[in-house]
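Single-letter residue listing:
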Number of protein chains: 2
Amino acid sequence: MVKLDELLSIIENPARRRILEALAREPHYPLQLSRELGISQQAVMKHLKVLEQYKLVRSYHEKSDLGGPRRRQFYPALNFTIVVDASPNMFTTEVHYREENRVFIPKNREIEDLSTNNRILELRREIAGIEEKLDDLYRQREALILDKESVLEEARSLAENLDDYQLRRILYEFISRPELDLKGIAKALDMRDEVVANALDEWLNWGR
Amino acid sequence: MVKLDELLSIIENPARRRILEALAREPHYPLQLSRELGISQQAVMKHLKVLEQYKLVRSYHEKSDLGGPRRRQFYPALNFTIVVDASPNMFTTEVHYREENRVFIPKNREIEDLSTNNRILELRREIAGIEEKLDDLYRQREALILDKESVLEEARSLAENLDDYQLRRILYEFISRPELDLKGIAKALDMRDEVVANALDEWLNWGR
């Protein structure tokens, strides 16, 4: 599984993103990508090599019934979502991987005549409906992010009462990462358990 | 407003992300960042310069009541969310900017004695509640992304019936971007309106 650091450095490149966008539509061979995207074939090959190395694309040799050279077709092999939330009191970067087999792949049906097929309009409407729901979820998420921002702002103003930088770090970590216990906080901050325990004891009268 | 391309290339750098994470906690001066993050002061200055250039951080001179040199404190000045969705039939990268003034900043209250203040535990619980709701929204979003993936997979199998690459592009764009009208699709694909109109006419019997 490719790490977040690597994923970000791979997709940071605009040409690579355009290649991945094209491959999401259909498999492409290198010359085709070069022509369609206006990127030199050498650059396309270089990008595909990086993407293949990280197993974000795969390739197969196309069957040729003309006896000509078999072209190497590239297709995407990735399934993840990256979310970066940046605000005055927050900077988090997360990647969620999906298992490949979780994706529902409908059977490839043969449609002889597209002109009589209303399915095109139906699919467009389905996408519109999904996008509307995604927008709605996004608005709900935004409200939560603002709530979180406000809580973290208050955490910051509490921490300002502490003179010691390391104690402020402990306080921030304790509030902002409720999924961590004492040992988890110590590990995340690269501190001894005792240091964290003493601070929490003092603030919360734990264990007294 | 910093463009997506630039944002991605700025946050791609792990050291810059660690700097932004630290600044989200509290303002830092360069030497402090260097010491806390184990990054050379020269590198820290270089990263801060880039971040300041793109207006993602700002700085002020700390008041000194000891008559010593005034230190330059850096703080974050960013407010956005980036979402990258990658799956076999999808590769989308979006940035949503928030207005800075949309963030609620509570008044800085003075708390004399943290030890008697249960607010620390309350804030931790508030964050836990928010994270739980965010996880729930994320699960709902995942279900929609799978729906979208499935619709796009069907769009792809429809497009496979077309011999012409440019026609396949039009079909994919028409289905996957329902917010675009005919002219919007032509513009997005850098094609003449007529070409798009003819294709849609044929498939949908539009205007007949």
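Refer to the structure presented above.
Computed from a prediction, not measured in an experiment: that's the story for all the values here.

**Considerations on the overall build of chain A**
A count of helices and strands for chain A gives eight helices and four strands. Beginning at the N terminus, the succession of helices and strands in chain A can be written as α-α-α-α-β-β-β-β-α-α-α-α. In chain A, once contacts between residues fewer than 6 apart in sequence are set aside, the share between residues at least 24 apart is 43%. Accessible area for chain A stands at about 11,100 Å²; split by element, carbon and sulfur atoms hold 47% of it.

**With respect to the interface of chain A and chain B**
Contact residues are listed per partner, giving 99 residues for chain A and 99 residues for chain B. In this assembly, chain A packs against chain B so that about 9,800 Å² is buried in total across both faces, 62% of it on carbon and sulfur atoms. Of all residues in chain A, the largest losses of buried area upon contact with chain B belong to Arg25, Phe91 and Arg124 of chain A, amounting jointly to 8% of the total for that side. The interface formed by chain A and chain B contains 12 salt bridges. Of the charged contacts in the structure, one is a salt bridge between arginine 169 of chain A and glutamate 36 of chain B, with a shortest N-O distance of 3.9 Å. If you look at where chain A meets chain B, you find 31 residue pairs in polar contact (both at pLDDT 80 or more). Those elements that place two or more of their residues in the side of chain A that touches chain B are α1 (4-11), α2 (14-25), α3 (30-37), β3 (80-87), β4 (90-97), α5 (119-159), α6 (165-176) and α8 (193-204) of chain A. Here the side of chain A that touches chain B takes 32 residues from α5 of chain A, the largest share from any one element. Here the residues of the side of chain A that touches chain B sort into 51 nonpolar, 18 polar and 30 charged. Where β3 of chain A meets strand β3 (residues 80-87) of chain B, seven bridges bridge the pair, whose relative direction is antiparallel. Considered in β3 of chain B, the bridge of alanine 86 of chain A is made with phenylalanine 80 of chain B.

**Concerning the sheet that holds β4 of chain A**
Reading across the sheet, the four strands line up as β4(A)-β3(A)-β3(B)-β4(B) and stay open at both edges, with antiparallel pairing between neighbours. Strands at the two margins of the open sheet, each flanked by one partner only, are β4 of chain A together with β4 (90-97) of chain B. Pairs of neighbouring strands in the sheet enclose a mean axial angle of 5°, with direction left out of account. Packed onto the sheet, α1 of chain A meets β3 and β4 of chain A together with β3 and β4 of chain B and runs at close to 95° relative to β4 of chain A.

**Things to note about the relation of the copies chain A and chain B**
What relates the pair of chain copies is a rotation about an axis plus a shift along that axis. Between the two copies, chain A and chain B, the superposition gives an RMSD of 0.0 Å; the rotation angle is 180° and the shift along the axis is 0.0 Å. What the rotation and shift describe, once combined, is the action of a two-fold rotation axis. The C-alpha atom lying nearest the rotation axis in chain A is that of valine 83 of chain A; the distance is 2.4 Å. A shared interface surface links the copies, since 100% of the contact residues of chain A are contact residues in chain B too.

**A short note on the pairing of β3 of chain A**
It is a general feature of regular strands that their side chains alternate between the two faces of the sheet. Residues and elements named next belong to chain A. In terms of residue burial, β3 counts as a mostly covered element, since eight of its eight residues are buried. Summarising the sheet, β3 and β4 pair through eight bridges and their orientation is antiparallel. Paired with phenylalanine 80 across the two strands is tyrosine 97, which belongs to β4. Between β3 and β4, which pair antiparallel in sequence order, lie two residues.

Cut-off values and rules
Residues numbered from 1 in each chain as written. Chains lettered and ligands numbered in written order. Predicted model: local features only at pLDDT ≥ 70, side-chain atom pairs only at ≥ 80, totals over all residues. Heavy atoms only, no water. Helix = DSSP H or I, 4+ residues; strand = E, 2+ residues; numbered from the N terminus. Contact = heavy atoms within 4.5 Å. Areas by Shrake-Rupley, 256 points an atom, 1.4 Å probe, with all protein chains shown as cover. Buried area = accessible area lost by both parts, 1.4 Å probe. Salt bridge = Lys/Arg side-chain N within 4 Å of Asp/Glu carboxyl O. Polar contact = N/O pair within 3.5 Å; in protein donor to acceptor, adjacent residues only side chain to side chain. Nonpolar A, V, L, I, M, F, W, Y, C, P; charged D, E, K, R; others polar. Pairing = 2+ DSSP bridges. Axes fitted to C-alpha atoms, helices over the stretch in contact; angles between N-to-C directions. Least-squares fit on C-alpha atoms with pLDDT ≥ 70 in both. Buried < 20%, exposed > 50% of the residue type's maximum accessible area, 1.4 Å probe, protein only.

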